[in-house]
Amino acid sequence: MKNHIRKQLASSGEMTFPELIKLTPNAKGDRDIYYYPDDCSLVLAENVSGAFADAIAALLADGCISFRRTSRVNAVLSGASHWTGTSSLPEARRVQKYATPRWLPLMIQYHPQE
């Protein structure tokens, strides 16, 4: 799955989580991806498979990807309307811990490794 995600990101340079999930076989599941590993209040992606979440974590640790904020509109237009869950959460206004879960719409940027 890690190689598939890397290829998808390499072909476009960047995309949103909803877009990447739509293009990745077996990406949907029962796990969530959070900004803070020890806190569930800032949600990056919901309802993903363990393999997808692990692949994103590995690519992030390898320095192959990074994140940048995007708007809810951009995320919806790129595929969130076909992906249940995340788009129903209130949008996070900034990176911080919240009392209730918030969605942080992001672009995943690809960084080729030499």
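Scope of this entry: the structure provided in the associated data block. (Residues numbered from 1 in each chain as written. Predicted model: local features only at pLDDT ≥ 70, side-chain atom pairs only at ≥ 80, totals over all residues. Heavy atoms only, no water.)

What follows concerns the nonpolar core. Grouped together as the largest cluster of nonpolar side chains are 26 residues, with contacts concentrated most on I5, F17, I33, F52 and I56. Looking at this core, the elements that each hand over two or more residues are α1 (2-12), α2 (17-23), β2 (28-36), β3 (39-48), α3 (50-61) and β6 (106-110). Ranked by residues supplied to this core, first place goes to α3 with 5 residues. Sequence-distant contacts of I5, that is, excluding residues within four places in its chain, are made with L20, T24, F52, A55, I56 and L59. (Core = buried A, V, L, I, M, F, W, Y, C linked by side-chain atoms within 4.5 Å. Buried < 20%, exposed > 50% of the residue type's maximum accessible area, 1.4 Å probe, protein only. Helix = DSSP H or I, 4+ residues; strand = E, 2+ residues; numbered from the N terminus. Contact = heavy atoms within 4.5 Å.)

Pairing analysis gives 5 bridges linking β2 to β3, with the strands arranged antiparallel. Considered in β3, the bridge of R31 is made with V48. Between the antiparallel neighbours β2 and β3 lie 2 residues. (Pairing = 2+ DSSP bridges.)

A word on the packing of aromatic side chains. Under the criterion given, the structure shown has 3 aromatic pairs. Measuring from centroid to centroid gives 5.8 Å for F17 and F67, while their planes differ by 45°, and the two rings are tilted. Here F17 is found in helix α2, whereas its partner F67 is found in strand β4 (residues 65-69), with 50 residues between them in sequence. Taken together, a centroid distance of 5.0 Å and an interplanar angle of 80° make the contact between Y35 and Y36 edge-to-face. Of the aromatic side chains, those joined through ring pairs into one cluster are F17, F52 and F67. Residue placement shows K97 over the ring face of Y36; its charged tip is 5.2 Å from the ring centre. (Phe/Tyr/Trp six-rings, centres within 6.5 Å; stacked < 30°, edge-to-face > 60°. Lys NZ or Arg CZ within 6 Å of the ring centre and 35° of its normal.)

Glancing now at the sheet that holds β4. Taken together, 3 strands build an open sheet; the order of strands is β1-β6-β4 and the sheet is antiparallel. Each edge of the open sheet carries a strand with a single partner, namely β1 (14-16) and β4. Strand-to-strand twist across the sheet, computed as the mean angle between neighbouring axes with direction ignored, equals 30°. By the bridge criterion, 3 bridges tie β1 to β6 in an arrangement that is antiparallel. From the neighbouring strand, M15 faces β6, where its bridge partner is I108. Strands β1, β4 and β6 of the sheet are contacted by α1, whose axis makes an angle of about 115° with β1. (Axes fitted to C-alpha atoms, helices over the stretch in contact; angles between N-to-C directions.)

A few words on the pattern of salt bridges. Two side chains carrying opposite charge are able to pair once their charged atoms lie near each other. Summed over all chains, the structure comprises 5 salt bridges. Note that E91 is salt-bridged to R69, the shortest N-O span being 3.5 Å. With E91 in the loop between α4 (72-77) and β5 (102-103) and R69 in strand β4, the pair connects residues that are 22 residues apart, well separated along the chain. According to the relative accessible area criterion, E91 is buried, its value standing at 18%. (Salt bridge = Lys/Arg side-chain N within 4 Å of Asp/Glu carboxyl O.)

None of the figures reported here should be taken as evidence of function without further support.
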